[in-house]
Amino acid sequence: MNEIEPLLLGDNQFFGINHMSEEKARAQALRFQDADAVIEVLDAAYEEGVRGFMCTTHDRIEPICDHVRADPERYSGFTFLPCMPYAHKYANAVTEDGMLGAIRRFLPEEGYLDAALRGGRSLAGKDVEGIATLLVDAEMKMFHDLSTPVVFLQNIVVDLLLGLGFEDALRVFAEHVRDRYGAEPGFITMNLPTLLDALERAGIENPIVCSNINKLGFRMCGGFEAYERALRERRFRAIAMSVFASGAIPPREAIEWICAQPNVESIVFGASSRDHIRGTRELVEELWRA
């Protein structure tokens, strides 16, 4: 079982995502257009002891991976936790190149022939498992030779699969991530209680699940009480996001509450300054399991 850092830096702020303020989101998007600005924040996080980066597979993450890979001593112990897929990337590629062209664009360089044959058979036979594993390999290409202890399936896919009742796809993802990358599979969802039921039916034991968990019930689909009950009674490894409810909860109040909840293994947070990173890290150190 791979260990997860108790505090993870997320990447929403680097792509102009803010659920409360469009103005702040636009300002952040402009600030972080350049990879050097992102690296500056990651360096601050690393120096403050935050060594896990939970990130999408956006094209702009690739130069960050290259930067870290080029200086392994500088970033000793730094881990990436990829979250896939970045849906817009595929939508744009299909629009520009068609379905086959899009898959060719994202084929991993290593094992090209195997991937091509696998993709061709999958498309011809509508083999969902083959296509799914091929696309996971394509998404993981940018993280080669980097530490990726957990690989997440994004909520846009997880919750779609839940809605379609296609729970076996969750198992396919989990098995492939374990077998090929030696990583723990993780699942991001907007509906924690429903996903836990589906993962249990799919035979995925003690899963890593990232979802909104905060004192206000902000964006916690399924109901606050159902989340509390799941944290108390279900066997899973919870990663809490949106703990500050996009700024609606004061930092100390938010961290004190989340640290008191059972079964929370880690907190993912967004930050764009050293002061914010340090303040959050100090609160977690003070209040974690206090």
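Described below are features of the structure shown in this document. (Residues numbered from 1 in each chain as written. Predicted model: local features only at pLDDT ≥ 70, side-chain atom pairs only at ≥ 80, totals over all residues. Heavy atoms only, no water.)

The next point concerns the overall build of the protein. When helices and strands are counted, the protein shows twelve helices and eight strands. Relative to its full complement of 290 residues, the protein shows a buried share of 51%. A separation threshold of at least 6 residues defines the contact pool for the protein, and within that pool the share at least 24 residues apart is 75%. Here the protein has roughly 13800 Å² of accessible surface; of this, 50% comes from carbon and sulfur atoms. (Helix = DSSP H or I, 4+ residues; strand = E, 2+ residues; numbered from the N terminus. Buried < 20%, exposed > 50% of the residue type's maximum accessible area, 1.4 Å probe, protein only. Contact = heavy atoms within 4.5 Å. Areas by Shrake-Rupley, 256 points an atom, 1.4 Å probe, with all protein chains shown as cover.)

Ranked by internal contacts, the top residues of the largest apolar core, which has 75 residues, are L9, F53, F80, L170, F187, I255 and I258. Here this core takes eight residues from helix α2 (residues 35-47), the largest share from any one element. Among all residues touching F187, those that are not within four sequence positions of it are F152, L153, V158, L170, F173, A174, L195, L199, I204, I208, V209 and C210. By size, the runner-up hydrophobic cluster in this structure holds 14 residues, among which are M54, V150, M241 and V268. (Core = buried A, V, L, I, M, F, W, Y, C linked by side-chain atoms within 4.5 Å.)

Right, let's get into the sheet that holds strand β2 (residues 52-56). Spatially, eight strands are ordered β1-β2-β3-β4-β5-β6-β7-β8 in a closed barrel, and the strand pairing comes out parallel. On average, adjacent strands in this sheet sit at an angle of 25 degrees to one another, irrespective of strand direction. Pairing between strand β7 (residues 237-241) and strand β8 (residues 264-269): three bridges, direction parallel. Counterpart to A240 in the pairing with β8 is I267. (Pairing = 2+ DSSP bridges. Axes fitted to C-alpha atoms, helices over the stretch in contact; angles between N-to-C directions.)

Turning to the environment of G270, a few remarks are in order. Relative to the helices and strands, G270 is located in the loop between β8 and α12 (274-287). Sequence separation of G270 and S246 is 24 residues, and the distance between their C-alpha atoms is 9.5 Å. With residues near it in sequence (within four places) discarded, G270 still touches Q13 and H276.

Under the counting rule described, the total for this entry stands at 18 salt bridges. For R74, the salt bridge goes to D43, with nearest N and O atoms at 3.4 Å. Taken as a pair, R74 in the loop between α3 (62-69) and β3 (79-84) and D43 in helix α2 lie far apart in primary sequence, 31 residues in all. For the salt bridge of R237 with E265, the shortest nitrogen-to-oxygen distance reads 2.7 Å. Of this pair, R237 sits in strand β7 while E265 sits in strand β8, placing them 28 residues apart in sequence. Each of D43, E47, E48, R74, R274, D275, R278, R281 and E285 takes part in one network of salt bridges that share partners. (Salt bridge = Lys/Arg side-chain N within 4 Å of Asp/Glu carboxyl O.)

Further remarks concern the packing of helix α11 (residues 251-259) against α12. Think of two packed helices as two axes; the pair is described by the angle between the axes and how far apart they sit. At a closest axis distance of 10 Å, the pairing of α11 and α12 adopts a crossing angle of 40 degrees. Classified by the interaxial angle, the pair formed by α11 and α12 is oblique. Pair α11 / α12 crosses with right-handed handedness. Counting all contacts with α11, which are made through P251, R252, I255, E256 and C259, the residues of α12 involved are T280, L283, V284, E286 and L287. Classifying every residue of the contact of α11 with α12 gives six nonpolar, one polar and three charged. (Parallel < 35°, antiparallel > 145°, perpendicular 65-115°, else oblique. Left-handed = near helix turned anticlockwise from the far one by under 90°. Nonpolar A, V, L, I, M, F, W, Y, C, P; charged D, E, K, R; others polar.)

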